[in-house]
Structures are given as C-alpha cells and as structure tokens.
Amino acid sequence: MLGFIKTLQQRTPLGLLQLKHDRMRLLTAIAGITFADVLIFMQLGFAAALYRTNTQYPRTLQADLVLISTQAQNFGQLRTFTRRRLYQAQDVPGVASADELYLGSVQWRNPQTRKKTSMLLIGQNPDRPAFNLPEVNQQLDMIQLPDTVLFDQASRGEYQDMITRIQQGESPTTEIGQRTVTIAGLFQVGASFADDGALITSDQNFLRLFPKRDAGSVSLGLIRLHPGYEPEQVRDALAARLPEDVQVLTSQGYVDFEIAYIQSRSPIGFVFGLGTVMGLIVGTVIVYQVLSTDVNSHLAEYATFKAMGYRNTYLLGVIFEEALILSVLGFIPGLAIALAAYQVTAAATALPLAMPLSRTIFVLLLTFVMCGASGAIATRRLQAADPADIF
C-alpha cells in the first residue's frame, strides 16, 4: 500500500496538466457537469418532495387498518364508498372501532390577501384522533364548534399576519363557498403538489361545507383493533367479509399504495425520473466532447508515448484521470448551487426540499459514472491510434 502511494506521488499528473493547458475547455467541462448535477439534484429533490407530500397525511394516520375504495388513486383522489362498509367491519372479530374520514378540495378566500386558493379540507370524528398530530389532537374540542377549522400554517401563500393573529389568541374568519368559517387554531404539515395547504375540521362541519355531499359516502375508513390481534389476520378476515367495492390495507400498506401510484401511474413521477436521465445524458455528452477534443488535440503526444513503449493502459489512465478530476470540479459547485436552489424553492413553494447525505453521495457516484463513461467512449480512437499512421 505504501509503495502504491509512493508511486502515485512520483507520477507526473499528466491528466491535470492537460486540463490546465486549455483553461477555457476546462471551464466549459466544469460548467457542463455542474449543470447536469444541478438538474439531477433538482429532479431528485422534487421527486422526494412529491413522495413526501403525497404521503404526509397517510403516514400520520392513527389506525391499524385503512379502508379505501377500489377506485381510489391517491390521497387526493380517494373516491368514496358507502359508510355501511364501516358498520359491517365492526362485526369482524378484533375490530374495536371504525371511523369515517371525509376529504375534499375547497376554494377558500385567503383571510390576509382575500384571494381564492385551493385547500384540502379534512373532516374527522372529533371524539377520536384520526392523525398522530399533537397540535391537532389538542384542539379537537374547537372543531366541534359550527363552521370552525384548524389551519395548516405551513400552507403555500401569504398568511403570516393571520398566523400571528391566531397565535395572539384571535380567531380570524373567512369564506368557503357561501359559508363563513372561523379559524380557531393552527397545526403544521405542509403543502402538496395538488393543494396549497390543508384545513382540518369535524365531520359535521365538513358536511356543512359540502352541502351536496352525502354523509353516507366516506373517503377513507380508519379501523382500530383490540389489543392482541394481528393487523394482517384481521385484514384478511375483512377482505373476505366485505364486498369488492373496498380494499383493506395495513397502515404501512396504505403508504406503500400511495408511493406505488406515484411511481407507476403518476405522470409527475415519470417526468422527474426522465429529467434525471436527461441530466445524465447531457453531462455525458458534454464531458465526452471535451475529452474527445482533448484526445484529438494531443494525439501526436499520445503516439509519441506509444512509440516510447508506454502501454495503452497508461494512456487510458491519463484520460480517466481527467474524467475523475472533472467529476470532482464539476460536482462541488453543482452541490452548492443545488443547496441554494433548494432553499429558494422551498421558501417559494412551501415544499419539503432538503439535501440528505444519501442523495449527495448518490449524485456524486452518478457523476463519477457519467464522466467515466464519457472517458471510456473518448478513448476509442486513442486505443486504435498507430504511431506510424500519425507520423
């Protein structure tokens, strides 16, 4: 090992010297890799935000089993099923309770700007917490009051003045449809791609705000079990007992259902995946052009090395040395720009954009692969070069 390190120290950094020889070409390559890395970082960041926002409420459901329509697509498009299924579920051994959850999108008027925007409205049984959200569960008595809602303070839009008023003990009012509602409290989850934010209220208030909605048509069923019963066994019993218009999932199974929809059926998930692939292709093409031009520019020098007895492996090592250097030099500014872009985008859209270490390492490895593949393609002419042909 020490001998290998000593050999590296004594070796002339030919790849670095060649890159420094043409600084404009070097800057072009770094800019191309930086652009590709930023594109990949942003696509992966948006995809992660999509997965997180579409599962942020499903992950917090306080239920052992979840009942949804067989036509449900995702949390924002659950479709409805008859409440009778919840009554039937309570006859299955092991089921302690079965509560309905109502969901719908409403146009509400921002109390601060007076502009209308789309909000997700959730109606729950105020007697039993539907979500593992302490801020909500501590204020369930408030939503029992007529036309009273809790507001997600992480919603997208200008709400700071209104939030400050609520924190000071005031209860602002606004309009949803033809009704005036009171904002009695706050909680924090976050916006999604479909809605700018969310409101939580009681099931009765939900039905008041959706006067055409049948109380017997529910969006989602929350099933809690008696202690000692296995969710998988009760799920199978419920699936055998209930008609085929509903499906029964475990709590984690429902989260997996949401993620599977994004991955396989959502066009947005496909777009973000395609954007990542395009970033790789763009970076590979740019690095290939730079390395290929470098090989052609120094073909005579490489032929001289061959005539002196240097093997192809040494010359290929020089090209891959350049590719490795370009990977690092392009990745560092790409990471810095992506971090800044995450902060700006998160502030502007209220989406949960963050840079985990795993994503940083993953993109760095992709950058190595991108530049290594470009170097491998660029060396084809070098391997076939004959000193006699060049001189």
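Residues numbered from 1 in each chain as written. Predicted model: local features only at pLDDT ≥ 70, side-chain atom pairs only at ≥ 80, totals over all residues. Heavy atoms only, no water.

1. Comments concerning the overall build of the protein
Heads up, the rule is: Helix and strand definitions follow DSSP, with helices as H or I runs of at least four residues and strands as E runs of at least two, each counted in order from the N terminus. Each residue gets one of three labels from its accessible area relative to the maximum for its type: buried under 20%, exposed over 50%, partly exposed in between, using a 1.4 Å probe on protein chains only. Contacts are residue-level and defined by heavy atoms, with any inter-residue pair within 4.5 Å sufficient.
Of regular secondary structure, the protein possesses 15 helices and 11 strands. Residues classed as buried in the protein amount to 49% of the 391 residues present. Of all intrachain contacts in the protein linking residues separated by at least 6 positions in sequence, the fraction that spans at least 24 positions is 79%.

2. Side note on the pairing of strand β5 (residues 148-152)
Selection rule: Pairing between strands is defined by DSSP: at least two bridges between the two strands are required.
Among the five residues in β5, five count as buried, and that is most of the element. Burial along β5 is two-sided: the residues Thr148, Leu150 and Asp152 and Val149 and Phe151 are all buried. In this sheet, strand β8 (residues 198-202) lies alongside β5 in antiparallel orientation, the contact comprising two bridges. By the bridge assignment, Phe151 is partnered in β8 with Leu199.

3. Quick look at the side chain of Ser327
Inspection of the secondary structure assignment puts Ser327 in helix α12 (residues 312-349). Excluding residues within four positions of it along the chain, Ser327 makes contact with Ile33, Thr367, Phe368 and Cys371.

4. Section: the pattern of salt bridges
Quick note on the threshold: What counts as a salt bridge is simple: a side-chain nitrogen of Lys or Arg found within 4 Å of a carboxyl oxygen of Asp or Glu.
Summed over all chains, the structure comprises 11 salt bridges. Linking Asp245 and Arg85 is a salt bridge whose minimum nitrogen-to-oxygen distance equals 3.0 Å. Here Asp245 is found in the loop between α8 (231-241) and β11 (246-250), whereas its partner Arg85 is found in helix α4 (residues 84-89), with 160 residues between them in sequence. Judged by relative accessible area, Arg85 falls into the buried class, the value being 11%. Put simply, Asp99, Arg128 and Arg224 are held in one network by salt bridges that share partners.

5. A closer look at the pairing of strand β7 (residues 179-187)
The sheet contact formed by β5 and β7 spans five bridges and is parallel. Counterpart to Thr148 in the pairing with β7 is Thr182. Here four bridges tie strand β6 (residues 173-176) to β7, and the two strands are oriented antiparallel to one another. Each bridged residue has a counterpart across the sheet, and for Thr173 the counterpart in β7 is Thr182. The hairpin formed by β6 and β7 contains two residues between the paired strands, and Gly177 there has a positive phi angle of roughly 65 degrees.

6. As for the packing of helix α3 (residues 23-55) against helix α13 (residues 357-378)
Operational definition: Note on method: axes are straight lines fitted to C-alpha atoms, helices fitted across the in-contact stretch only, with angles between N-to-C directions ranging 0 to 180 degrees. Working rule for angles: under 35 degrees goes down as roughly parallel, over 145 as roughly antiparallel, 65 to 115 as roughly perpendicular, anything else as oblique. Each helix crossing is assigned a hand: it is left-handed if the near helix lies turned anticlockwise from the far helix by less than a right angle, otherwise right-handed if that turn is clockwise.
Contact pair α3 / α13: the axes reach a minimum separation of 11 Å and the direction vectors enclose 140 degrees. Put simply, α3 runs oblique to α13. Both α3 and α13 take part in a crossing whose hand is right-handed. Only Arg359, Thr360, Phe362, Val363, Leu366, Thr367, Met370 and Cys371 of α13 make contact with α3, whose side of the interface consists of Ile33, Ala36, Asp37, Ile40, Phe41, Leu44, Gly45 and Ala48.

7. Details of helix α6 (residues 160-167)
In plain terms, the rule: Directions are taken from the helix axis to each C-beta atom, and the arc is the one they span.
Residues of α6 that are buried: Met162, Ile163 and Ile166. All buried residues of α6 project into a common sector of 100 degrees when viewed along the axis, lining one side. What points out from α6, more than 90 degrees from its buried face, is the exposed set Gln160 and Gln167. Buried positions along α6 lie against β5 and β7. With its phi angle positive at about 100 degrees, Gly169 sits one or two positions after the end of α6.

8. Notes on the side chain of Gln43
Counting through the fold element by element, Gln43 comes out in helix α3. Excluding its chain neighbours within four sequence positions, the residues that come into contact with Gln43 are Val271, Phe272, Gly275 and Thr276.

9. Comments concerning unusual backbone geometry
Positive phi is not limited to glycine here, since Arg79 has a value of about 65 degrees. Summarising the element assignment, Arg79 is placed in the loop between β1 (65-69) and β2 (81-82). The exposure class assigned to Arg79 is partly exposed, which follows from its relative accessible area of 36%. Positive phi outside glycine occurs at Arg114, with the angle close to 70 degrees.

10. Topic: the packing of aromatic side chains
Applied cut-off: Centre distance within 6.5 Å is the pairing criterion for rings of Phe, Tyr and Trp, where only the six-membered ring of Trp is used; planes under 30 degrees apart are then read as stacked, over 60 as edge-to-face, and the remainder as tilted.
Counted under the stated rule, the structure contains nine aromatic pairs. Plain terms: the ring middles of Trp108 and Phe151 are 5.5 Å apart, the flat faces sit at 20 degrees to each other, and that makes the pair stacked. Residue Trp108 is located in strand β3 (residues 95-109), and its partner Phe151 is located in strand β5; the two are separated by 43 residues in the primary sequence. Owing to a relative accessible area of 0%, Phe151 belongs among the buried residues under this scheme. By the ring-pair criterion, three or more aromatic residues cluster together here, those being Tyr57, Phe75 and Phe131.

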